[in-house]
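This is what each chain is made of:
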Amino acid sequence: MTDLPSLRETLDAHGLLAKKSFGQHFLLDLNVTRKIVRLAGPFEGRAVIEVGPGPGGLTRALLESDAGPVVLVEKDPRFIPLLSELDDGSGRLTIVEADALKVKEADLVSGPAHMVSNLPYNVGTALLIKWLTGPWLPHSLTLMFQKEVAERVAAGPGDDAYGRLAVISQAVCTARIVMHLPAAAFTPPPKVASAVVHLVPLDERPSPERLKKLERVTAAAFGQRRKMLRSSLKQLGGAELCEAAGIEPDVRAETVDVAGFLRLADALA
Ligand code: SAM
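This structure is a prediction, so every number in the text was calculated from the model and none was measured.

Student: Go over the overall build of the protein chain, please, and point to the residues and values.
Tutor: Within the protein chain, the secondary structure is distributed over 12 helices and 7 strands. In terms of C-alpha radius of gyration, the protein chain reaches 20 Å, essentially the compact-globule figure of 18 Å for 269 residues. Across the 269 residues of the protein chain, 48% fall into the buried class. Once local pairs closer than 6 in sequence are excluded, the contacts in the protein chain between residues at least 24 apart make up 66%. On the protein chain, roughly 12500 Å² of surface is accessible, and the fraction owed to carbon and sulfur atoms is 52%.

Student: Explain the sheet that holds strand β2 (residues 70-74) to me, using residue names and the numbers behind them.
Tutor: Reading across from one edge, β3-β2-β1-β4-β5-β7-β6 is the order of the 7 strands in this open sheet, with mixed pairing throughout. The open sheet has two edge strands with one neighbour each: β3 (93-97) and β6 (173-181). Put simply, the sheet's adjacent strands are angled 20° from each other on average, direction ignored. Pairing analysis gives 8 bridges linking β6 to strand β7 (residues 194-201), with the strands arranged antiparallel. What sits directly across from I177, in β7, is V197. Contacting β1 (47-51), β4 (113-118), β5 (140-146), β6 and β7, helix α6 (residues 124-133) crosses the sheet at an angle of about 160° to β5. The sheet contacts of helix α8 (residues 164-172) involve β6 and β7, and relative to β6 the element is tilted by about 120°.

Student: Please give an account of the UniProt feature "binding site: S-adenosyl-L-methionine" (unreviewed entry) in the protein chain that cites residues and values.
Tutor: Per the UniProt record, "binding site: S-adenosyl-L-methionine" (unreviewed entry) is found at H25, L27, G52, E74, D99 and N118. Secondary-structure assignment places H25 in the loop between α1 (7-13) and α2 (30-40). According to the relative accessible area criterion, H25 is partly exposed, its value standing at 21%. Excluding anything up to four places from it in sequence, G52 contacts V73, E74 and N118.

Student: Hey, could you go over the pattern of salt bridges for me, with residue numbers and the actual values?
Tutor: Taken as a whole and judged by the stated rule, the model has 12 salt bridges. Notably, a salt bridge pairs K75 with D99, separated by 3.8 Å at the nearest N-O pair. Placement of K75 in the loop between β2 and α4 (80-84) and of D99 in the loop between β3 and α5 (105-108) is noted, with a sequence separation of 24 residues between them. Looking at K75, the relative accessible area reads 45%, which means it is partly exposed. Between R152 and E148 there is a salt bridge; the shortest N-O distance is 3.1 Å.

Student: Talk me through the site of the ligand; I want residue IDs and the actual numbers.
Tutor: In the region of the ligand, 20 residues are neighbours, and Q24, L27, G52, E74 and N118 sit closest. A distance of 2.8 Å is found between an oxygen atom of the ligand and a backbone nitrogen or oxygen belonging to L27. G54 places a polar main-chain atom, nitrogen or oxygen, 3.3 Å from an oxygen atom of the ligand. In isolation the ligand offers 590 Å² of accessible surface; the protein chains occlude 99% of this area. Per-class residue counts for the shell around the ligand are 9 nonpolar, 6 polar and 5 charged.

Student: So what's going on with the pairing of β4? Residues and values would help.
Tutor: Burial within β4 is extensive, with 6 of its 6 residues counted as buried. Here β4 shows two buried faces, one formed by A113, M115 and S117 and the other by H114, V116 and N118. By the bridge criterion, 4 bridges tie β1 to β4 in an arrangement that is parallel. Considered in β4, the bridge of V48 is made with H114. Relative to β5, β4 is paired through 5 bridges, and the arrangement is parallel. Pairing of H114 across the sheet is with S140, part of β5. Regarding topology, α6 serves as the crossover connection from β4 to the parallel β5, and that connection is right-handed.

Student: Tell me about the nonpolar core, and please be specific about residues and values.
Tutor: Membership of the largest hydrophobic core comes to 56 residues, with the highest contact counts inside it found for F261 and L264. Top element by residues in this core is α8. It accounts for 6 residues. Excluding anything up to four places from it in sequence, F261 contacts Y162, V167, L214, V217, T218, A221, F222, A253 and V256. Membership of the second largest hydrophobic core comes to 31 residues, among which are L27, A40, A61 and L82.

Student: Give me the packing of aromatic side chains: which residues, what numbers.
Tutor: Working definition: an aromatic ring pair is given by the centre-to-centre distance plus the angle between the planes. Tallied over the entire structure, the rule returns 3 aromatic pairs. An angle of 85° between the planes, with centres 5.8 Å apart, marks the rings of Y162 and F222 as edge-to-face. Of this pair, Y162 sits in the loop between α7 (147-154) and α8 while F222 sits in helix α9 (residues 208-223), and the two are 60 residues apart along the sequence. Take Y162: its relative accessible area is 0%, and that puts it in the buried class. An aromatic cluster of three or more residues is present, and its members are Y162, F222 and F261.

What counts, and where the lines are drawn
- Residues numbered from 1 in each chain as written.
- Predicted model: local features only at pLDDT ≥ 70, side-chain atom pairs only at ≥ 80, totals over all residues.
- Heavy atoms only, no water.
- Helix = DSSP H or I, 4+ residues; strand = E, 2+ residues; numbered from the N terminus.
- Rg over C-alpha atoms; globule rule 2.2 N^0.38 Å.
- Buried < 20%, exposed > 50% of the residue type's maximum accessible area, 1.4 Å probe, protein only.
- Contact = heavy atoms within 4.5 Å.
- Areas by Shrake-Rupley, 256 points an atom, 1.4 Å probe, with all protein chains shown as cover.
- Pairing = 2+ DSSP bridges.
- Axes fitted to C-alpha atoms, helices over the stretch in contact; angles between N-to-C directions.
- UniProt positions renumbered as here; feature names shortened; annotations may be inferred.
- Salt bridge = Lys/Arg side-chain N within 4 Å of Asp/Glu carboxyl O.
- Near = heavy atom within 4 Å.
- Polar contact = N/O pair within 3.5 Å; in protein donor to acceptor, adjacent residues only side chain to side chain.
- Nonpolar A, V, L, I, M, F, W, Y, C, P; charged D, E, K, R; others polar.
- Right-handed = clockwise from strand over helix to strand, strands pointing away.
- Core = buried A, V, L, I, M, F, W, Y, C linked by side-chain atoms within 4.5 Å.
- Phe/Tyr/Trp six-rings, centres within 6.5 Å; stacked < 30°, edge-to-face > 60°.

In structure tokens, the structure reads:
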């Protein structure tokens with residue numbers, strides 16, 4: 001990796017400029033991408049999927065790491081030739097030109113893998129929900145989001161950012177913000193600051209049916225987050241549902257922990 005031209009030189013050589021429609025904000029400082037990869041690992045030879053490699057700053061750091069196979073999923077065809085330059089022919093790197101919202105991760109790797117991504121902000125939340133609720137569950141997910149979204153993933157009860165995304169994320173994984181990055185760390189800089197969230201699946205993952213019920217309960221409860229549960233959950237059973245779940249009906253959604261929401265989901269008919 002050390003013999004390669006800098007990421008900026010590579011972008012210039014290929015005449016590539018960031019496209020807004022693809023949510024492109026690049027990390028061109030390899031010290032930053034190496035740090036993210038250190039926070040994501042160790043990989044101990046397991047496969048890593050990277051969504052949205054763009055010019056390949058995170059990819060270079062992944063290829064320097066203890067990752068096994070590295071599979072890239074990039075939607076913008078302009079980056080494929082540039083990414084191919086990172087392939088040493090050993091078979092370790094696979095480049096897939098595809099929309100990450102549509103790919104089946106199980107078709108990309110055999111067995112469990114880690115997911116590392118500086119996510120396109122316009123589809124970041126949709127991708128996270130896909131990975132949390134879909135049939136394929138990674139070993140870990142290390143994902144760059146807008147700071148505000150990262151906070152919504154990792155928040156706990158009582159935090160302003162605590163809501164549906166935190167409950168769904170933490171019903172499936174532990175979630176921790178491991179790094180903050182100012183807008184100036186990216187080229188071009190986005191309007192907002194960013195943060196990296198590290199998620200590790202829990203040993204016991206809720207079944208897809210249980211997750212669907214959890215989504216129904218959290219949508220109703222946080223849809224009217226200033227109301228007491230007895231009224232925000234009225235359509236689903238109101239006070240009776242709360243009592244069946246051992247939750248006080250006069251509290252608001254923001255005070256109920258993930259275990260409480262899972263009990264509410266289980267009490268649903
Ligand atoms: N990983 C690079 C970095 O850190 O410099 C680029 C990050 S940039 C925020 C997001 C990348 O995701 C871009 O390369 C963009 O083309 C790609 N992308 C956008 N939407 C995508 C999608 N639906 N599926 C796969 N890649 C996508």
